[in-house]
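# Chain and residue survey
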Amino acid sequence: MAEAQSRQVVVIGGGQSGLATGYFLRRAGLDFEILDANWKPGGAWPSAWDSLHLFSPAQSSSLPGWPMPPVLGEGYPGRDHVAAYLAAYEERYRLPVRRPVRVEAVERAGDQLLVRTDAGSWTASAVVSATGGASRPFIPDYPGRVTFGGRQLHSSSYRSPQDLAGQRVLVVGGGNSGAQILAELSLVADATWVTPEPPTLLPDDVDGRVLFERATERIRAQQQGRDPGPPLGGLGDIVMVPPVSEARDRGALHSVRPFVRHDPRGVVWRDGSHCPVDAVIWCTGFRPALEHLAPLGVLEPDGRIAVQGAQCVREPRLWLVGYGDWTGVASATLAGVTRAARGAVQEIQEAAGAPPVSMA
Ligand code: FAD
């Protein structure tokens, strides 16, 4: 077997979280490598649906160091704009991303961690996991789901409304992906939006930037011992990007509460009535992709990992970046990952006993 390569830090995942971490590792002067399972740059973005647009303008969706170039006109950046930005970011900072390399397991090996991959092994004093959730789409287990004879797809496999034109489609999920897919499908299909609760539609002038500012202010208040007050809308609430506000204006943004079960031809609602359905699109989110960390025995029953800051409590040579609020407020967003990545690298420096380098 080939000898393991040695680095001070190995980062697993080359999406926005891995790149932001790489930016700060470079600033800290640490020797590191980023291992990414994808064939091309951009993390999850290149595989998103065709019409996906961010819910924040470019200037509020930037990674550390280099602002995302603005889009022409007033619009929010689309999928390809974000993917191109991440590819250019990686180039610009000459980040050492190796792909495609899939990490299969992280194990303890003396005072190091051993990172086993499908392209050899690495040892490191510190490992940062930044694998997102795109490879683990979540579908809730409604009774009879396997008996349903129609088409089922998760939002991560949805590309465009055209191949569902004229069909009876249920869009399940009350977040922004459900709202955006419902908005375009309702133009060409008989689309019904199914959400557990009535979704919260944000005012037209509130976008991801405002939500991020509110989240930041709440953290600041908590840190200063002030009452942060009641939450004023979260990152899960529906942002009125133009296609969604247009759907609202034509009355298509109506939602109904969930059905009780599937049957082979459709679903049965709570009042016992049956509804024929051709396809169900599950806009029901993702779970953190952490299987490669299972050998370390750090996975909690809820599928997460206990962290202090970004550092794993049960394995202090492991850090986590970008999985959601539990690894740093808004860390699973473009604007929020900077703070999470900077914090993780500062902790790595501290753990290594290195003098702190300015990360401002
Ligand atoms: P990913 O982008 O998923 O990248 C993870 C990388 O890790 C991938 O390249 C993958 O191949 C690699 N990987 C995974 N497992 C392994 C392994 N075992 N070994 C090696 N590599 C591995 N955020 C915003 O800021 N604004 C928005 O408007 C916005 N809209 C969104 C809309 C949708 C529909 C979705 C799903 C998300 C949206 N987000 C938005 C959220 C967020 O920006 C993304 O989820 C983001 O892709 C997370 O980045 P990441 O780098 O953590 O993970």
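Every value quoted in this text rests on a predicted model; they were computed, and no experiment measured them.

Turning our eyes to something else, we now look at the pattern of salt bridges. Inspection of every chain in the model, using the stated rule, returns 16 salt bridges. Between R248 and D204 there is a salt bridge, and its shortest N-O distance comes to 2.8 Å. In this pair, R248 sits in helix 5 (residues 242–249) while D204 sits in the loop between strand 9 (190–194) and helix 4 (208–223), placing the two residues 44 residues apart along the sequence. Relative accessible area serves as the criterion here: at 47%, D204 is assigned to the partly exposed category. For E300, the salt bridge identified is with R314, shortest N-O distance 3.0 Å. With a gap of 14 residues between them, E300 in the loop between strand 14 (279–282) and strand 15 (307–308) and R314 in the loop between strand 16 (311–312) and strand 17 (318–320) connect regions that are remote in the sequence. Shared partners join several salt bridges into a network, and the residues in it are R7, E33 and R98.

Before going further, it helps to spend a moment on the domain arrangement of the chain. Splitting the chain by domain gives domain 1 (5–136 + 286–352) and domain 2 (145–201 + 238–282). Just the C-alpha atoms count here: the centres of domain 1 and domain 2 sit 32 Å apart. Listed by partner, the interface residues are 11 residues for domain 1 and 13 residues for domain 2. Note on domain 1 versus domain 2: buried area summed over both sides is about 940 Å², and carbon and sulfur give 61% of it. Contact with domain 2 buries area across many residues of domain 1, yet W49, F55 and F286 alone supply 58% of it, more than any other trio. At the surface where domain 1 touches domain 2, the tally comes to zero salt bridges.

Parameters at a glance
Residues numbered from 1 in each chain as written. Predicted model: local features only at pLDDT ≥ 70, side-chain atom pairs only at ≥ 80, totals over all residues. Heavy atoms only, no water. Salt bridge = Lys/Arg side-chain N within 4 Å of Asp/Glu carboxyl O. Helix = DSSP H or I, 4+ residues; strand = E, 2+ residues; numbered from the N terminus. Buried < 20%, exposed > 50% of the residue type's maximum accessible area, 1.4 Å probe, protein only. Domains from an automatic or database assignment. Contact = heavy atoms within 4.5 Å. Buried area = accessible area lost by both parts, 1.4 Å probe.

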